[in-house]
Amino acid sequence: MPPDISLLRVFHAVMEERNVTAAARRLGQSQSTVSAALARLRVALGDELFLRARYGVEPTEKALQIAPDVAAGLDRLERAFRAAEPFDPAQSTRRFRLLLGPYAEVVLAPLLAAAFARHAPEAELEIAPIGPDLDPRSLAGQSFDLAIGRFSPPPEDLVVSELFSDGFRCIVAPEALADGATLDRDLYERLPHVVVAPPGRWRTGLHKLTADTGLRRNTAVIVSHFLTAAPTVARVGGIATVPARIAAMIAEPYGLRDMPVPLNLGTFPTQVAWHPHNRSDARHIWLRDLLNNIALGEVERGRDT
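Residues numbered from 1 in each chain as written. Predicted model: local features only at pLDDT ≥ 70, side-chain atom pairs only at ≥ 80, totals over all residues. Heavy atoms only, no water.

Asks: Break down the packing of helix α1 (residues 5-17) against helix α2 (residues 20-27) for me, citing the residues and quoting the values.
Replies: The contact between α1 and α2 brings their axes to 8 Å, and the two run at 125°. Relative to α2, the element α1 lies oblique. Both α1 and α2 take part in a crossing whose hand is right-handed. Where α1 approaches α2, its residues Arg9, Val10, His12, Ala13, Val14, Glu16 and Glu17 are matched on the opposing element by Ala22, Ala23, Arg26 and Leu27. Of the residues in the contact of α1 with α2, the class split is six nonpolar, one polar and four charged. (Axes fitted to C-alpha atoms, helices over the stretch in contact; angles between N-to-C directions. Helix = DSSP H or I, 4+ residues; strand = E, 2+ residues; numbered from the N terminus. Parallel < 35°, antiparallel > 145°, perpendicular 65-115°, else oblique. Left-handed = near helix turned anticlockwise from the far one by under 90°. Contact = heavy atoms within 4.5 Å. Nonpolar A, V, L, I, M, F, W, Y, C, P; charged D, E, K, R; others polar.)

In structure tokens:
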């Protein structure tokens, strides 16, 4: 007799998380319940399935062999059940899980939280960092509903579209720039710069743009997050070049000036990526529509800055 669906869900979660504790948290179960389910699966399938590793577990050859079929079968079942269920965001208790890049998290997380509180107050919104690269398995395996960031090149097996674009501004310490003064290229290149360099490929965008235009930055400090830039600029009496929407959020609280960059550095996109198997899912359609409405609001805000 084949194992029941609940056991297969446990297998799938452990396969993706490679950690029993993380799988239990994802499933909303205790670790002992997940361990007991794995023990039943081992008996039913005649294989250890997962072996202890330094930071969790590693799948056996048997587990790797059956994993794609288990994932595909669970996906088809879940889509069939979801298609038969009406979706009312006001009554939903579903957990929506999103992967967000550093910029997207700062700009969109407060807006998403407010939208959920207004339209889906019983639902749960979980946001996790996307890291320097997007792993399509996170979306194909439904670990997360969608990802928001900048994807270049876009993964071929995901739907990727642009939400909105943003430009760049400078946040400048007041003692470095007199009232009414213009931030010209000479001053920009002389002031001590706080450079924001997130992990991996996130760090390459602005660096390439300034290099292409020949605009130099007198680097004094390198930080890894946008929200660290403002207090650091205030402390060192310098400058940082950040996305325009970030500047609008962080300059005033730290008494900094929000100034245009001396040279036009162009714009960059914020994109959303999701797996095609969610195309007709009512819950996912609602989430995508919500994001598009938020994005329209962001575009209008951008025109005012």
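Asks: How would you summarise the packing of aromatic side chains if you had to cite specific residues and measurements?
Replies: For the coordinates displayed, the defined rule picks out nine aromatic pairs. Considering the side-chain rings of phenylalanine 87 and phenylalanine 96, the 6.4 Å spacing of their centres and the 70° angle between planes classify their relative orientation as edge-to-face. Taken together, a centroid distance of 5.3 Å and an interplanar angle of 40° make the contact between phenylalanine 168 and phenylalanine 268 tilted. In this pair, phenylalanine 168 sits in strand β7 (residues 168-172) while phenylalanine 268 sits in strand β12 (residues 268-274), placing the two residues 100 residues apart along the sequence. Given a relative accessible area of 15%, phenylalanine 168 falls into the buried group. Residue class for phenylalanine 268 comes out buried when judged on its relative accessible area of 8%. Site record: aromatic cluster; members linked through ring pairs are Phe87, Phe96, Phe116 and Trp286. Across the ring face of tryptophan 274, the terminal group of arginine 288 is positioned such that the distance to the ring centre comes to 3.9 Å. (Phe/Tyr/Trp six-rings, centres within 6.5 Å; stacked < 30°, edge-to-face > 60°. Buried < 20%, exposed > 50% of the residue type's maximum accessible area, 1.4 Å probe, protein only. Lys NZ or Arg CZ within 6 Å of the ring centre and 35° of its normal.)

Asks: I'd like a description of the packing of α2 against helix α3 (residues 31-45), backed by residues and values.
Replies: Look at α2 against α3: their axes get within 8 Å of each other, and the N-to-C directions meet at 105°. Classified by the angle between their axes, α2 and α3 sit roughly perpendicular to one another. Two secondary-structure elements touch here, α2 through Val20, Thr21, Ala24 and Leu27 and α3 through Gln31, Val34, Ser35 and Leu38. Class assignment for the residues of the contact of α2 with α3 results in five nonpolar, three polar and no charged.

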